[in-house]
Amino acid sequence: PAPVAEGPAPNPGDLISEVEAAVETGDPAAVHEVVLRAVVALRRAGLLDAAVDACQLGLTVSPADPDVHLALAELALDHGWIDMAADKLAILGRFVELTADEPARQRLCAIVSERFPEDPRLTAICA
């Protein structure tokens, strides 16, 4: 599960508003940064559904952002949606192979190694 931060929880409405403002700019780099920052804050506060919402908003501008898809896979794991997370990682594995995105593959493989060490479909991505 996601770690829960001490202190006051972030206001999910404020964070989602920041994501929406970034999405309105249409700038993939700005969206990437704001979404991932919001996801970290929301996840630490245990606000998993709001973090999923932030990711979904970010994907409207950057549908192929591997970091946002990895965040969604981690959020699925936090929710206990193991099959959904595995499917997301398998699809993302194909994508990073096609794009030769080695940093994304390494992050994906870290999740696979930790959470799916016995899943041949996923471990093949990291072989």
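Because the structure is predicted, anything quoted here is derived from the model rather than measured. (Residues numbered from 1 in each chain as written. Predicted model: local features only at pLDDT ≥ 70, side-chain atom pairs only at ≥ 80, totals over all residues. Heavy atoms only, no water.)

Draft legend 1. Representation of the overall build of the chain within the structure. Scanning the chain for helices and strands turns up seven helices and zero strands. Starting at the N terminus, the α and β elements of the chain follow one another as α-α-α-α-α-α-α. Its C-alpha radius of gyration of 15 Å places the chain within 12% of the 14 Å reference for a compact globule of 127 residues. Projecting the C-alpha coordinates of the chain onto the three principal axes gives extents of approximately 40 × 30 × 20 Å. For the chain, the residues scored as buried account for 40% of the 127 residues in total. Within the structure as shown, the chain displays about 6,900 Å² of accessible surface, and the carbon and sulfur contribution to it stands at 57%. Treating the 9 positive side-chain charges of the chain as one cloud and the 21 negative ones as another, the clouds have centres 5 Å apart. (Helix = DSSP H or I, 4+ residues; strand = E, 2+ residues; numbered from the N terminus. Rg over C-alpha atoms; globule rule 2.2 N^0.38 Å. Buried < 20%, exposed > 50% of the residue type's maximum accessible area, 1.4 Å probe, protein only. Areas by Shrake-Rupley, 256 points an atom, 1.4 Å probe, with all protein chains shown as cover. Lys, Arg positive; Asp, Glu negative; His and termini not counted. Charge placed at Lys NZ, Arg CZ, Asp CG, Glu CD.)

Draft legend 2. Quick peek at the pattern of salt bridges. Using the criterion set out here, one finds seven salt bridges in the structure. For the salt bridge of R43 with E74, the shortest nitrogen-to-oxygen distance reads 3.9 Å. Of this pair, R43 sits in helix α2 (residues 28-44) while E74 is found in helix α4 (residues 66-79), placing the two residues 31 residues apart along the sequence. Classification of R43 as partly exposed rests on a relative accessible area of 23%. Each of E18, E33 and R37 takes part in salt bridges that share partners, so that together they form one network. (Salt bridge = Lys/Arg side-chain N within 4 Å of Asp/Glu carboxyl O.)

Draft legend 3. Representation of the layout of surface pockets in the model. As a volume, the largest pocket reaches approximately 210 Å³. Where the lining of the largest pocket is concerned, the elements lending two or more residues are α2, α4 and α6 (102-115). In terms of residue count, the dominant contributor to the lining of the largest pocket is α2 (five residues). Its residues placed into classes, the lining of the largest pocket shows seven nonpolar, no polar and five charged. (1 Å grid on protein atoms, 1.4 Å probe; cavity = no way out; pocket = protein on both sides within 12 Å on 5 of 7 lines; lining within 4 Å. Points joined across faces, edges and corners; volume = space filled by probe spheres on them. Nonpolar A, V, L, I, M, F, W, Y, C, P; charged D, E, K, R; others polar.)

Draft legend 4. Molecular detail of the nonpolar core. Counting residues in hydrophobic clusters, the biggest one holds 22 residues, and the most contacted among them are V19, V39, L42, A54, C55 and L75. For this core, the elements supplying multiple residues, two or more each, are α1 (12-25), α2, α3 (48-61) and α4. Among the elements that make up this core, the one with the highest residue count is α3 (seven residues). Contacts of L42, omitting those with residues within four sequence positions, involve P12, L15, L47, A50, A51 and A54. Ranked by size, the runner-up nonpolar core spans 18 residues in total, among them A85, A90, I111 and F116. (Core = buried A, V, L, I, M, F, W, Y, C linked by side-chain atoms within 4.5 Å. Contact = heavy atoms within 4.5 Å.)

Draft legend 5. Structural detail: α3. The end-to-end C-alpha distance of α3 is 21 Å, a good match for the 20 Å that 14 residues give at a rise of 1.5 Å each. Taken together, the buried positions of α3 are occupied by L48, A50, A51, V52, A54, C55, G58 and L59. Elements in contact with the buried residues of α3: α1, α2 and α4. (Expected span 1.5 Å × (residues − 1).)

Draft legend 6. Representation of helix α5 (residues 82-99). The first and last C-alpha atoms of α5 sit 25 Å apart over 18 residues, in line with the 26 Å expected at 1.5 Å per residue. Buried within α5 are the following residues: A85, A86, L89, A90, L92, G93 and V96. Buried residues belonging to α5 abut α4, α6 and α7 (120-123). Just past α5, the residue A100 takes up positive phi, approximately 55 degrees.

Interpretation in functional terms is not warranted from these geometric data alone.
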